[in-house]
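Residues per chain, in single letters:
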Amino acid sequence: PQSLAADGSALWTAGGVALAPGVSPDFYFSSGATADGTGGVIVGLSAQNSVTAQRLSPSGVRLWGASGVLVHPPTSTYSEGAKTVAADGSGGGVFVWRASNDAEALYAQRIDANGTLQWGPAGIAISPSTAAKWTPSIVADGAGGTVVGWREYAHGFGLRFLVQRLPGDGAAPSGTNGASAHPSS
């Protein structure tokens with residue numbers, strides 16, 4: 001990425017900052033970013049079977065190590081959705097991704113300002129159901145937690161829009177598989 005001044009001039013190294021030096025940008029197929037609240041940025045990168053995060057300072061210095069933080073380690077499970085990241089208000093972020101193999105599920109992981117995983121090595125399950133899920137989105141709730149929304153297709157129910165609040169401490173989400181965000185679903 002590159003940070004730009006109001007006049008469009010580059011603020012960081014010419015050509016931008018490599019998020020994971022030595023790894024081809026073609027290796028990652030989705031990404032997303034959010035401001036970290038201190039003038040820097042938190043970026044999520046999703047590869048076919050892993051999710052990586054990096055925090056950059058206002059001057060473009062990689063703060064979470066040369067290769068970032070592994071949010072979801074490589075597995076045989078297909079993963080995507082690191083593009084869904086929200087700042088936690090303390091210099092860290094909450095990441096959401098979809099994992100699928102024979103079943104689909106949404107997971108979340110909070111990383112603190114120092115790049116330390118906060119919700120265990122595997123994160124927390126938001127929606128462990130086997131229904132097909134698309135387009136997860138996440139926003140901070142202003143109270144230390146986040147709210148995640150997604151579309152889901154479940155046999156017998158059709159297309160549904162669901163939401164789930166995640167408390168900042170990573171406690172198990174209330175309810176199962178989210179709550180309907182659409183009156184007819």
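Reading the values: rules and limits
- Residue positions within a chain follow its written sequence, with the count starting from 1.
- Side-chain atom pairs in this predicted model are given and counted only at pLDDT of 80 or more, local residue features only at pLDDT of at least 70, and totals for whole chains, interfaces and linings cover all residues.
- Excluded from the side-chain calculations are hydrogens and water; all other atoms, namely the structure's heavy atoms, are used.
- In this text, buried Ala, Val, Leu, Ile, Met, Phe, Trp, Tyr and Cys residues form a nonpolar core when linked through side-chain atoms within 4.5 Å.
- Per-residue accessibility, obtained with a 1.4 Å probe over protein chains only, is compared with the maximum for each type, and a residue is labelled buried under 20%, exposed over 50%, and partly exposed between these values.
- Helix and strand assignments come from DSSP, with helices taken as H or I runs of at least 4 residues and strands as E runs of at least 2, each series counted from the N terminus.
- Between two residues, a contact is recorded if the distance between any of their heavy atoms is within 4.5 Å.
- Two strands make a pair as long as DSSP finds a minimum of two bridges between them.
- Any carboxyl oxygen of Asp or Glu within 4 Å of a side-chain nitrogen of Lys or Arg constitutes a salt bridge here.
- Here is the rule: rings of Phe, Tyr and Trp (six-membered ring for Trp) pair when centre to centre is within 6.5 Å. Planes less than 30 degrees apart are stacked, more than 60 are edge-to-face, and the remainder are tilted.
- Per-residue confidence from the predictor is given as pLDDT, running between 0 and 100.
- Patches were defined on residues exceeding 30% relative accessible area and lacking a salt bridge, with like-charge contacts within 9 Å and nonpolar side-chain contacts (Val, Leu, Ile, Met, Phe, Trp, Tyr) within 5 Å.
- Values of accessible area rely on a 1.4 Å probe in the Shrake-Rupley scheme; residue burial ignores everything except the protein chains shown.

1. Here's the deal with the nonpolar core
Judged by nonpolar contacts, the single largest core of 13 residues is most densely connected at Ala108, Ile126, Val148 and Leu166. When contributions to this core are tallied by element, the ones reaching two or more residues are strand 6 (93–100), strand 7 (104–111), strand 8 (124–127), strand 10 (146–154) and strand 11 (158–166). In this structure, Ile42, Ala53, Phe95 and Ile111 belong to the second largest nonpolar core, which totals 11 residues.

2. Some remarks on the environment of Trp12
Tracing the backbone shows Trp12 in the segment before strand 1 (30–35). Given the relative accessible area of 11%, Trp12 is considered buried. Sequence separation between Trp12 and Gly60 is 48 residues; the distance between their C-alpha atoms is 5.8 Å. If we skip the residues at most four places from it in the chain, Trp12 touches Pro1, Gln2, Ser3, Val17, Val41, Leu56, Ser57, Pro58, Ser59 and Gly60.

3. Overview of the sheet that holds strand 12 (residues 179–180)
Across the sheet, which stays open at both edges, the four strands sit in the order 9-10-11-12 with antiparallel pairing between neighbours. Strands with a single pairing partner mark the edges of an open sheet, and in this sheet they are strand 9 (132–140) and strand 12. Direction of pairing for strand 10 relative to strand 11: antiparallel, over a ladder of nine bridges. Paired with Tyr153 across the bridge in strand 11 is Leu159.

4. Things to note about the pattern of salt bridges
Any two side chains of opposite charge can pair, so long as their charged atoms come close to each other. Taken as a whole and judged by the stated rule, the model has four salt bridges. Salt-bridge contacts for Arg110 lead to Asp88; the nearest nitrogen and oxygen are separated by 3.1 Å. Of this pair, Arg110 sits in strand 7 while Asp88 sits in the loop between strand 5 (78–87) and strand 6, and the two are 22 residues apart along the sequence. Both residues of the pair, Arg110 and Asp88, count as buried. Arg160 serves as the salt-bridge partner of Glu152, at 2.3 Å between the closest nitrogen and oxygen. Considered together, Glu152 and Arg160 belong to a single accessibility category, that of buried residues.

5. Some points on the packing of aromatic side chains
The final tally for this structure, using the stated rule, is one aromatic pair. Taking 6.0 Å as the distance between ring centres and 20° as the angle between the ring planes, the aromatic pair formed by Trp97 and Tyr107 counts as stacked. In this pair, Trp97 sits in strand 6 while Tyr107 sits in strand 7, placing the two residues 10 residues apart along the sequence. Exposure remark for Trp97: the relative accessible area of 0% places this residue in the buried category.

6. Focus on the confidence of the model for the protein
Across the protein, the average pLDDT comes to 81, with 79% of residues at 70 or higher. Of all the helices and strands in the protein, strand 5 carries the lowest mean pLDDT, 69, while strand 3 (residues 51–56) carries the highest, 90.

7. Description of the pairing of strand 10
Strand direction decides the pairing type here: strand 9 and strand 10, joined by seven bridges, are antiparallel. Across the sheet, the residue bridging to Ala132 is Tyr153, located in strand 10. The antiparallel pairing of strand 9 with strand 10 creates a hairpin that spans five residues between the two strands, and Gly142 there sits at a positive phi of about 80°.

8. Focus on a nonpolar patch on the surface
On the surface, Trp134, Tyr153, Leu159 and Phe161 cluster together into a nonpolar patch covering about 370 Å² of accessible area. Along the polypeptide, Trp134 turns up in strand 9.

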